[in-house]
Amino acid sequence: MTTQPLRRWCAPALCLLVLAGCAPEPRLPDLDAIYRDAALGAQRADRRPLIGIPGTLGSRLVDAVSGRVIWGGGGSRGISADPEDREEFRLIALPIPKVGAPLINATDTVQPAGVLEVAMIEILGVPVDLEVYAGIDRTLRAGGFEFLSPDAYSAGADGAVAANAPASGIYRFDYDWRRDLIETAHQFGRYVQDRRRDVARMRGVPEETIQFDLIAHSMGGLIARYFLMHGFAAPDTADPTAPLPPVSWDGAPFFNRVIFVATPNAGSIIALDNLINGKDLGPFQPEFPAALLGTHHSVYQLMPRPRHRRVRLGQTEFADLYDPALWQAQGWGLADRAADRQLAWLMPDEPDAEARRRRALAHQARLLNRARLFHIMMDRWAPPPEGIDMFLVVGGGFETPSTAQVDPATGAFTIDGVAEGDGVVLRASALLDEAQGGQVPRQDRFPLRFDTTLFLPDEHVELTKNPVFGDNLLYWLLDAPREGAPLARPRRTEFLGARADAPDADPPGEFARAGSDQ
């Protein structure tokens, strides 16, 4: 009596197991075949031009005076210039200005020289090509996009523009990834204005009718989001008590569709580790010491937020990463007394070691304050205007550094925890998940709002080569229905779900008003 039901269920289950074992493996999407028609129609007048922004380390850097490649490879020199050489160290680093001099004047002769598709290096005499953004280039070409230089639409002597300039062009914004991200966002804004003028001239239409699509990877997403949200606004550098600019979305009218890929919206503890312990670039490649990276303005702006409690001091206390006194007490980065050789290279005009140290500490304090301001500006949110679609791609499936422990006695900084992410950026960071470090109401957990969020199991850079990512990317750019409503100004400013009727209202807690020292 008891065997009949068992017999009745065993036979179908066995069939299902057999069928499952015979099921074919799915093929990866053939982007060339899927988007062949779209590629053939690449010259349609309604195709929007595309702008791409790489992440940190994603632009080749060259010394404009000597022509030397400072970052990006080029033979036996490795992927970067040699930080053990005094002159090359000074080229990789940013200058440390005198106390009181504007940070924006801390310039050198290094300039960006194109997006890094492939880094060409030699390892033990063997040439090696390291593919960086070549994968995403192949994807876009499958959709009919043509890569353009800024002079692709330039006018001739008679003022006319070449009639065969492609409608489906893609521009790539290369930039000096060492510098302040607000400064870079403003450079990006001017770049967008220039390219819009070029395209409008080529098409014979008013400039305001031209909108771009945008794809931004990693730190490039922070640059893009700052310009979208704030345009050319910045914290007041002269008056530390001045209110911060409101979230205006002044950069939004330039774009119709924006795709953020693996963007560290809540920072990365790896950036903090690099500032404290330096960065190892891999086998047979140079190592960037902490004092060198401590001159790079952008790395501080990639730190995690103190409110997310990712760095523990001792057993119970969490670090206020914006506090210059903490960095000085622990001897981190430019505050490390063992870094005087590098400080002497950076400040040859300062013969006294203590004078160099005072100048370095003042510089570090200004960069920490600038990071605080950048985080405030990025974490204040308002609903985007109608007419712009925003997408977020999040990588996962990798143990990603998430927490660190500091030995209060020695200042030793050790990563001691991992969590879900793409190996570089935590899932929680890409989403700006406010559940990090504490409990928040569910409706306040994700202050950033995207029209679509795509999760893919892949690594931070390899994600851009993933054919499934490529299929989604081309669908969003070429086939997916678009928001057609006219652009409108936002009506209110929000942070963590709370309304702030005053446009200059600050987020609560650690985001008390802080002055700028740019």
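Residues numbered from 1 in each chain as written. Predicted model: local features only at pLDDT ≥ 70, side-chain atom pairs only at ≥ 80, totals over all residues. Heavy atoms only, no water.

## Points about the pairing of strand E17 (residues 398-406)
Piece 1. The pairing of strand E14 (residues 311-313) with E17 spans three bridges and is classified as parallel. The residue of E17 that forms the bridge with Val311 is Ala404.
Piece 2. The turn linking E17 back onto strand E18 (residues 413-421) is made up of six residues, and Gly411 within it adopts a positive phi angle of 80°. (Pairing = 2+ DSSP bridges. Helix = DSSP H or I, 4+ residues; strand = E, 2+ residues; numbered from the N terminus.)

## Brief notes about the environment of Ala142
Piece 1. Considering the arrangement of structural elements, one finds Ala142 in helix H5 (residues 134-142).
Piece 2. Every residue in contact with Ala142, bar those within four places of it in the chain, is listed here: Leu31, Asp32, Tyr35, Ala39 and Leu474. (Contact = heavy atoms within 4.5 Å.)

## Let's talk about the sheet that holds strand E15 (residues 317-318)
Piece 1. Pairing in this open sheet of four strands is mixed, and the strands run E15-E14-E17-E18 from one edge to the other. Each end of this open sheet is capped by a strand with a single partner; those strands are E15 and E18.
Piece 2. Helix H8 (residues 269-277) contacts E14, E17 and E18 of the sheet and is inclined by roughly 160° relative to E18. (Axes fitted to C-alpha atoms, helices over the stretch in contact; angles between N-to-C directions.)

## Digging into H8
Piece 1. Judged by how many residues are buried, H8 sits mostly within the fold: seven of nine residues are covered.
Piece 2. Along H8, the residues that are buried comprise Ile269, Ala271, Leu272, Asp273, Asn274, Leu275 and Ile276.
Piece 3. Measuring from the side-chain oxygen of the N-cap residue of H8 to the backbone nitrogen of Ile270 gives 3.2 Å; that N-cap residue is Ser268.
Piece 4. In the stretch just after H8, Gly278 is the one whose phi turns positive, near 85°. (Buried < 20%, exposed > 50% of the residue type's maximum accessible area, 1.4 Å probe, protein only. Polar contact = N/O pair within 3.5 Å; in protein donor to acceptor, adjacent residues only side chain to side chain.)

## Structural notes on the nonpolar core
Piece 1. Formed by 101 residues in total, the largest nonpolar core has its most connected members in Phe188, Trp249, Phe255, Met303, Trp327 and Phe413.
Piece 2. For this core, the element with the highest residue contribution is helix H13 (residues 353-379), accounting for nine residues.
Piece 3. Those residues in contact with Phe413 that lie beyond four places of it in its chain are Ile269, Leu272, Asp273, Ile276, Asn277, Val311, Trp332, Ala404, Gln405 and Val406. (Core = buried A, V, L, I, M, F, W, Y, C linked by side-chain atoms within 4.5 Å.)

## Points about the pattern of salt bridges
Piece 1. All chains considered together, the criterion is met by 24 salt bridges.
Piece 2. Linking Asp198 and Arg201 is a salt bridge whose minimum nitrogen-to-oxygen distance equals 3.6 Å. Taken together, the positions of Asp198 and Arg201, both in helix H6 (residues 181-203) and three residues apart, correspond to about one turn of that helix.
Piece 3. Between Arg356 and Asp340 there is a salt bridge, and its shortest N-O distance comes to 3.0 Å. Placement of the pair is Arg356 in helix H13 and Asp340 in helix H12 (residues 340-346), with a sequence separation of 16 residues.
Piece 4. We classify Asp340 as partly exposed; its relative accessible area is 25%. (Salt bridge = Lys/Arg side-chain N within 4 Å of Asp/Glu carboxyl O.)

## Quick look at unusual backbone geometry
Piece 1. Phi angles above zero are rare outside glycine, and Ser218 is one such case at about 55°.
Piece 2. Relative to the helices and strands, Ser218 resides in the loop between strand E10 (212-217) and helix H7 (219-230).
Piece 3. With a relative accessible area of 8%, Ser218 lands in the buried category.

## Remarks on the packing of aromatic side chains
Piece 1. Under the definition given, this model contains 18 aromatic pairs.
Piece 2. Aromatic pair Tyr226 and Phe374: ring centres 6.1 Å apart, planes at 15°, arrangement stacked. You can see Tyr226 sitting in helix H7 and its partner Phe374 sitting in helix H13, a full 148 residues away along the chain.
Piece 3. An aromatic cluster of at least three residues, connected via ring pairs, comprises Tyr171, Phe173, Tyr175, Phe188, Tyr191, Phe227, Phe232, Phe254 and Phe255.
Piece 4. The ring centre of Phe145 lies 5.0 Å from the NZ or CZ of Arg47, which sits over that ring.
Piece 5. Its end group placed over the ring of Tyr171, Arg195 keeps NZ or CZ at 5.6 Å from the ring centre. (Phe/Tyr/Trp six-rings, centres within 6.5 Å; stacked < 30°, edge-to-face > 60°. Lys NZ or Arg CZ within 6 Å of the ring centre and 35° of its normal.)

## Points about the sheet that holds strand E9 (residues 169-172)
Piece 1. Taken together, the seven strands give an open sheet; going across it, the order is E8-E9-E1-E10-E11-E16-E19, and neighbouring strands pair in parallel fashion. Each end of this open sheet is capped by a strand with a single partner; those strands are strand E8 (146-148) and strand E19 (452-456). Neighbour-to-neighbour, the strand axes of the sheet open up by a mean angle of 20°, direction not taken into account.

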